[in-house]
Amino acid sequence: MSEAHRYAQICFSAVGDCAMLVELGAGIDEALNESVLQLETQILKLSIRGIEETTPAYNALMLHYNPDVISFATLQETVSAIDLNHVTDTRERFLWRVPVCYGGEFGEDLDSVANYHHLTSDEVIARHCAPRYRVYMIGFAPGFTYLGGLDKHLHTPRRENPRLQTPAGSISIGGMQALIAGVSMPSGWQLLGQTPIATYQPDRDPHFLIAPGDAVEFHAIRPDEFSDMQQAAQRGDWVAERSALTGEPS
Amino acid sequence: MSRGLLVLQCTPGTTIQDLGRVGYRRYGVTRSGAMDPVALQIANCLVGNPFDTAAIEMNIGGADFRVACESVRVALHGGDFVLAINGVRAPVSTSLRLRQGDIISIGRARQRIRCYLAIEGGLDIEPTLGSCATHTRAGLGGVNGAALETGQELELLNTKAPLRKEFSLPYSAFPHPRRQFRVVLGPQAHRFTEDGIQTLLQSAAFRIDKDSDSVGYRLTGNRIEYIGDGNIVSDPVVPGCIQVPASGLPLILMADCPTTGGYPKIATVISTDLPDLAQLPPGSEVSFRAVTLEEAQFARQQRQQWLAELPKQLIELA
């Protein structure tokens with residue numbers, strides 16, 4: 001993939017007849033992702049008639065619209081008129097402390113990831129717990145939280161043979177990215193551990209805990225702590241600790 | 001006293017679907033909903049339901065049900081399924097009032113493989129995130145987020161169907177099935193060579209692979225040539241998007257597709273044509289034709305209009 005960069009001009013493309021892709025740049029970059037979220041915030045603030053929902057991702061935002069209510073051209077004009085240089089950040093942001101039970105049956109690839117990097121398993125855990133990650137995107141499947149900021153000594157290619165099923169709460173890495181899985185899914189990423197928290201819980205208010213633009217820190221827990229916490233999460237407790245995040249996540 | 005419909009047997013993948021969930025894609029929740037939303041709406045119209053009422057979606061293999069409540073009004077509409085009531089062939093695309101103990105048997109389809117059993121008043125199901133659509137991969141919607149199973153009883157909101165005239169959809173009103181699907185090129189058509197785009201648009205270039213489901217239709221045929229390494233940073237996708245992974249063989253995203261994807265998208269099947277594509281079984285030949293966004297939106301508008309006028313098209317049976 002090429003170096004992350006911002007386009008000189010926002011690129012608007014039709015995705016079929018009811019969606020518009022608004023691309024701000026290419027690659028994975030914090031400032032770029034921040035602009036995507038700011039743009040989304042401004043669009044939501046405008047309450048533009050005809051926009052049904054928005055999907056922010058790493059460097060692009062999708063607008064799902066009803067063409068009976070608003071035309072592609074009008075929508076493009078409205079979005080183009082938003083000046084991203086003069087917006088105040090009104091998004092509420094949080095830092096989440098996420099418990100993880102590493103290795104063994106919880107993270108089957110921990111040892112092979114350690115071998116791959118000539119590290120001990122404990123060193124992999126320490127390096128995975130050290131950074132404050134930025135949440136770039138919730139995508140793919142419910143509550144799948146894509147994180148940037150993985151220690152470059154842990155960048156690991158995806159598995160040659162994807163697993164057909166990985167549990168909800170899987171904590172994995174793939175390339176330069178780190179992930180918290182919201183539900184059970186097939187995955188080719190390297191499994192380091194599992195968190196008892198549910199990023200998505202249909203019976204809880206709110207259904208989803210973590211949002212794009214939030215920050216995440218991991219800490220290691222023991223298997224006995226895991227089961228207590230998992231039961232609490234199933235009852236609807238958050239389990240993860242949350243604190244307000246002020247200023248830009250670093 | 002029992003309150004609903006008993007599932008006597010059903011093919012795996014028989015699910016409850018409506019028009020899908022809106023508003024949660026930003027949390028990774030796909031829209032889901034009926035593979036053929038037009039057929040679902042027709043079935044609902046026949047029993048006098050709001051068009052977005054949840055119904056039972058069947059794929060290829062049918063299902064058998066027993067009426068366990070006092071009476072019920074149903075209509076089956078969709079692919080070429082054969083319907084029998086108590087072993088006697090009954091009309092599809094027609095509302096039918098059935099009584100307790102009656103057995104609904106839906107046979108196998110061959111050419112067009114999705115059908116919907118709509119029930120007057122609808123199923124008694126609590127929506128999840130604003131919809132009853134089942135998304136089995138994420139365990140969402142329907143009954144406990146799962147497909148229907150033999151022996152399961154579905155609760156209904158109306159357990160007594162009033163006596164009234166029945167309705168049928170005239171054959172002339174059936175949407176015309178198509179094999180050539182209209183697409184709007186993009187959003188990443190620039191990541192493909194001119195030859196690559198021509199390969200997509202050649203007539204009869206592809207077949208639907210057996211490894212296809214409600215998440216995506218894999219196509220076999222000529223490989224599409226792309227520029228670069230064939231990967232992009234994950235960006236949002238919608239049903240209809242034609243992704244081209246490194247193999248060069250396209251994958252069309254369907255109703256249950258993920259909200260984001262990391263493969264370039266050469267084109268997107270227009271919303272008007274996607275329900276017809278969803279009707280085709282593996283092995284079917286398909287081809288694509290590029291249209292402008294204006295043409296795509298005009299087609300959508302006409303379809304919306306057709307649906308709005310649908311109640312007037314129905315024939316009242318004596």
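What you are looking at is a predicted structure, and each value in this text was computed from that prediction instead of being measured. (Residues numbered from 1 in each chain as written. Chains lettered and ligands numbered in written order. Predicted model: local features only at pLDDT ≥ 70, side-chain atom pairs only at ≥ 80, totals over all residues. Heavy atoms only, no water.)

**Focus: the domain arrangement of chain B**
All names here are of chain B. When cut into domains, chain B gives domain 1 (4-168) and domain 2 (180-306). For domain 1 versus domain 2, the separation of C-alpha centres amounts to 28 Å. Listed per partner, the contact involves 24 residues of domain 1 and 19 residues of domain 2. Here domain 1 and domain 2 share an interface that buries about 1,600 Å² over both sides, 58% of which is from carbon and sulfur atoms. On inspection of domain 1 and its partner domain 2, the count reaches 1 salt bridge. For Arg112, the salt bridge is made with Asp276, and the minimal N-O distance between the two is 3.2 Å. At the surface where domain 1 touches domain 2, the tally comes to 10 residue pairs in polar contact (both at pLDDT 80 or more). The biggest single contributor to the side of domain 1 that touches domain 2 is helix 1 (residues 37-46), with 4 residues. (Domains from an automatic or database assignment. Contact = heavy atoms within 4.5 Å. Buried area = accessible area lost by both parts, 1.4 Å probe. Salt bridge = Lys/Arg side-chain N within 4 Å of Asp/Glu carboxyl O. Polar contact = N/O pair within 3.5 Å; in protein donor to acceptor, adjacent residues only side chain to side chain. Helix = DSSP H or I, 4+ residues; strand = E, 2+ residues; numbered from the N terminus.)

**Considering the domain arrangement of chain A**
All names here are of chain A. What the domain assignment reports for chain A is domain 1 (3-86) and domain 2 (94-244). Put simply, the middle of domain 1 and the middle of domain 2, counted by C-alpha atoms, are 29 Å apart. Taken residue by residue, the interface counts 9 residues in domain 1 and 9 residues in domain 2. For the pair domain 1 and domain 2, the two sides together bury roughly 830 Å², of which 60% comes from carbon and sulfur. Three residues, Ile28, Asn33 and Tyr58, lead the burial of domain 1 against domain 2; their summed loss comes to 56% of the area buried on that side. Summed over the shared surface of domain 1 and domain 2, the number is 1 salt bridge. Its salt-bridge partner being Arg134, residue Glu34 comes within 2.8 Å of it at the nearest N-O pair. Counting across the interface, domain 1 meets domain 2 through 5 residue pairs in polar contact (both at pLDDT 80 or more).

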